[in-house]
Each structure stands twice: as C-alpha cells, then as structure tokens.
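# Residue-level structural notes
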Amino acid sequence: MDILIKRPWVVTQDASRRIIKKDVFVSGNTIDEIGDSIGVRAEYRIDAEGMILAPGLINTHTHVAMGSMRGIADDVPLGKFLEKTFAIDAKRTEQDIHSSSIMGMREMVRTGTTSFLDLYYSEDIIAKAAKRMGLRAFLSWVVLDKDKTTQKGNPKDNAENFIKRFRSRKPALINAGVGLQGIYVCNDDTISAAADIAERYNTVIPMHVSETNVEVDNVKKEHGHGVVEHLDKLGVLNKRFVAVHTVHVSEKEVKLLAETAAVSHNPISNMKLGNGAAPIHEMSKSRVNVTLGTDSVASNNNLDMFSTMKFASLLQKNRMGDASELSAQRVLDFATINAAKALGYGNRLGSVEEGKLADLILIDPYPNAIPLSRSSIVSNMVYAVSGLNVDTTIVDGVPLMLGKEQSKM
Ligand SMILES: [Zn+2]
C-alpha cells in the first residue's frame, strides 16, 4: 500500500528538529521519500495543506486492558486504588480483557498514539486485540511473586511462554516482552528472574519504580537505600529497563538512571493519586532518557498523550517556579525520539525521516484555530492541541484512521 501526503507542515523530529513544508510518500511500511511536488500515483492521496504531520506518539506506560475501569477508583490514594482494581482484576474474563483492550486501542488511534508499552497479565489476549487494531504494541507480561498474584501458574513461566508464542523479528507490530509490577510484590528472586527473561529474549522490561513515599520508605527501612539503588545492586538496570514513575528518587539514583535505564514519566497519574512530582528537571539535566506514559484510564483517566505532554511541562514549570522549565520541544522529544530509543527502535521510529517506519499522525488545527507558523507549531502541539485534533493515524504504513474515521473496529 502507498500513501502520498501532500503539503503538510512536517514536524520531523530529526536531529536538527526541522519543520518543513513538503510532500511525504509512504511505500509499504516505510517513509520512502520526503520532497517537493512528489507526483507518484498512490492508493491513498491525502491533501494535508493546513495540517501538521508528525511522528506518531509513543506511550511508554499503559495497562490498556483496563479500558472498562475508567472512573472505578477516583479520588483515592494508591493503596485503596490497587485494592479496588486488583479485586476487579481477579474476576475478569478473557472477553472482558479483549473488549477493554479494543476500547483502549481505539482511543489511542483516535488520539494519535501509534506505539505503546503495556504492562499486564493476559498479554496473549491483548496481543490478539492489537493485531486486530493494527497498533504497534510492546506487551510486557507482568511478573510478581507467585504467592501474591491472581494469575494461574507462576507469572514468570507465563511471561516466558507468552514471549515464546508471540515473539517475532524486529521491526514488528507485536513485540512480546516481560515486566515487573513493583518491589512491593516482587522479591529479589522474582526481579532477577524477570530480568533474566528480558536478557535472554532481548525485550524491554518496564517496572513501577519509586511511585509512592510508602514504597520507598519500606525499602529504605529494610535495605537502607532507595528502590533504584536496590535494583542497581541486583544488577537489573540496563538499556532495556524502563523505570515507570520514579517520583521519589535521590540525586544518586538520578545519576544511576542516567547511566543505565530509561524513565517513563506519568505526570497525570502521579498527580491524580497524590504521589508527588518526579524530578524531571534533574533527570533532564543529567541526561536520563525520559519518556512519557499515561498509565491506565483508572488513574488518568484517558490515554491522550497530548494532555500528558502538556501536564509534564506544566508540572515541572510549577515545581521549579520557572516558566522556561521543560520546553514544549523537550516534551515532544520525550513522546517521540526518546521513547523510540527506550523501546529499542531508535533508528526506526520517533521521527519523520526517509527510511523510517511509517508511524505517522496528521493533526487538524481546527477548531482551535492554531496558527501554522514555524515558530509556534511545536508549542501549540503541546499546549493547545488535544488528541481529538488528530485527523489521521498511520501505523506501519496502514491508515488506522483517515479523516477522523477509524477503519478498524
Ligand atoms: Zn501503571
């Protein structure tokens, strides 16, 4: 399938962050050519004059199968939140998980997310939903101690079996992997076992890390240091590791993260659960590879990465008392090229460049009447646009939404 996109403003996210008015030609699953007046015939020809073409956004923390749990645990702290959601999880059927996943994926397509890193059990069912919807999915089967799970069998065996069944050669749409729930339900052996699976199959491994004060205080009482330091001592931090949340981390831990893992910053979930503000200013300064996630719709309550970009920036500006803090360009980097790198797709995703995979979005500047001037396109993308401005979503060269009409149900 070929797609010719005529005359959009292209927010390339290339090395010099160029914004150019060009035609973009997609052939198969790849961006084949970016140029002036490309005249080839294509199956789809999109007149994108007056629209913004950008790399699809990458959400590095979801529990997409919780799509039906929106609003079930609002205005309660994390402890109560987990109690409520775990109780529902224990009773869910395969059909529930499948239909909730479709619901979440439809929202992602609608709001311009093209790749997501998911952490949950039953990722085999979620993989089927992702195949149907056509999104690029990084699915990490969640591992926790055997005596603390509602999963049948041992979570680490379930994770490995899932990877064996679904793994495929990169670049792929379904990227099967393993993840960890959090240190509060994962002992050292469990953490090491999951890290070993990630190493053997070369997959990313996300884990909730230092999300709350309570979590960190408990680890400090037992070990005398924070969660990140503990993970470092276990030897599990590396370029495959995605530390999710990292709200309560020391200066030393920020340095450790800079040398090893990526971070998934989830500002809306953190604020909504009253967990605090992650030190993203410090992380950026230390060159930690920061990415962005929504978390589930139970703690967000949507999957709109545009609002996550905005909140991320505003939270640091407010925290540091400095309006120049965490610029729009920087948060757009978090949601595109940084995230691509964290997922091991740095040379294939995250920017609009010839040879890269065609995971693209077109943003319609109306009804907000966003001025299309080169100097303000990126800041308006972050501060003015919502996911509902997205007009077209293309993943792997396939339009999943065209002119706001979704092709897959
Ligand atoms: Zn989470």
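Residues numbered from 1 in each chain as written. Predicted model: local features only at pLDDT ≥ 70, side-chain atom pairs only at ≥ 80, totals over all residues.

Per the domain assignment, the segments of the chain are domain 1 (2–56 + 350–406) and domain 2 (57–342). One C-alpha centre belongs to domain 1, the other to domain 2, and the line joining them spans 28 Å. Of the residues lining the interface, 26 residues belong to domain 1; the matching set on domain 2 comes to 30 residues. Contributions of two or more residues to the side of domain 1 that touches domain 2 are made by α13 (377–383), β17 (390–395) and β18 (398–402). (Domains from an automatic or database assignment. Contact = placed C-beta atoms within 7 Å. Helix = DSSP H or I, 4+ residues; strand = E, 2+ residues; numbered from the N terminus.)

Viewed as axis vectors pointing N to C, helix α4 (residues 155–166) and helix α5 (residues 188–201) meet at an angle of 10°, and their least axial separation amounts to 10 Å. With respect to α5, the element α4 is oriented roughly parallel. Facing α4, whose interface residues are K156, A159, E160 and I163, α5 presents T190, A193, A194, I197 and Y201. (Axes fitted to C-alpha atoms, helices over the stretch in contact; angles between N-to-C directions. Parallel < 35°, antiparallel > 145°, perpendicular 65-115°, else oblique.)

Time to look at the sheet that holds strand β1 (residues 2–6). Across the sheet, which stays open at both edges, the four strands sit in the order β5-β4-β1-β6 with mixed pairing between neighbours. Strands with a single pairing partner mark the edges of an open sheet, and in this sheet they are β5 (30–35) and β6 (44–47). The sheet shows a mean angle of 15° between the axes of neighbouring strands, direction not considered. The pairing of β1 with strand β4 (residues 23–27) spans four bridges and is antiparallel. From the neighbouring strand, L4 faces β4, where its bridge partner is F25. (Pairing = 2+ DSSP bridges.)

Bringing unusual backbone geometry into the picture now. Cis peptide bonds are those with omega within 30 degrees of zero, and the linkage from K170 to P171 qualifies with -5°. Its place among the elements puts P171 in the loop between α4 and β11 (174–182). Geometrically, the link from N300 to N301 is a cis peptide bond, its omega value of 5° lying close to zero. Note that N301 resides in the loop between β15 (289–292) and α11 (305–320). Although it is not a glycine, H245 adopts a positive phi angle of roughly 90°. Position of H245 relative to the elements: it lies in strand β13 (residues 241–245). The class for H245 is buried, based on 29 C-beta atoms found within 10 Å. (Buried ≥ 20, exposed ≤ 12 C-beta atoms within 10 Å, placed from the backbone.)

Here we come to the sheet that holds β13. Taking strand neighbours across the sheet as the criterion, the eight strands line up as β8-β9-β10-β11-β12-β13-β14-β15 in an open arrangement whose pairing is parallel. Since the sheet does not close on itself, it has two edges, and those belong to β8 (57–62) and β15, each with one partner. Adjacent strand axes in the sheet meet at a mean angle of 25°, parallel and antiparallel pairs treated alike. Of the strand pairs in this sheet, β11 and strand β12 (residues 205–209) are connected by two bridges, and their pairing is parallel. Within the sheet, the bridge partner assigned to L180 lies in β12 and is M207.

As a further point, take α11. Spanning 16 residues, α11 covers 23 Å between terminal C-alpha atoms, matching the ideal 22 Å at 1.5 Å per step. Considered for burial, the residues of α11 that qualify are M305, F306, T308, M309, K310, F311, A312, S313, L315 and Q316. (Expected span 1.5 Å × (residues − 1).)

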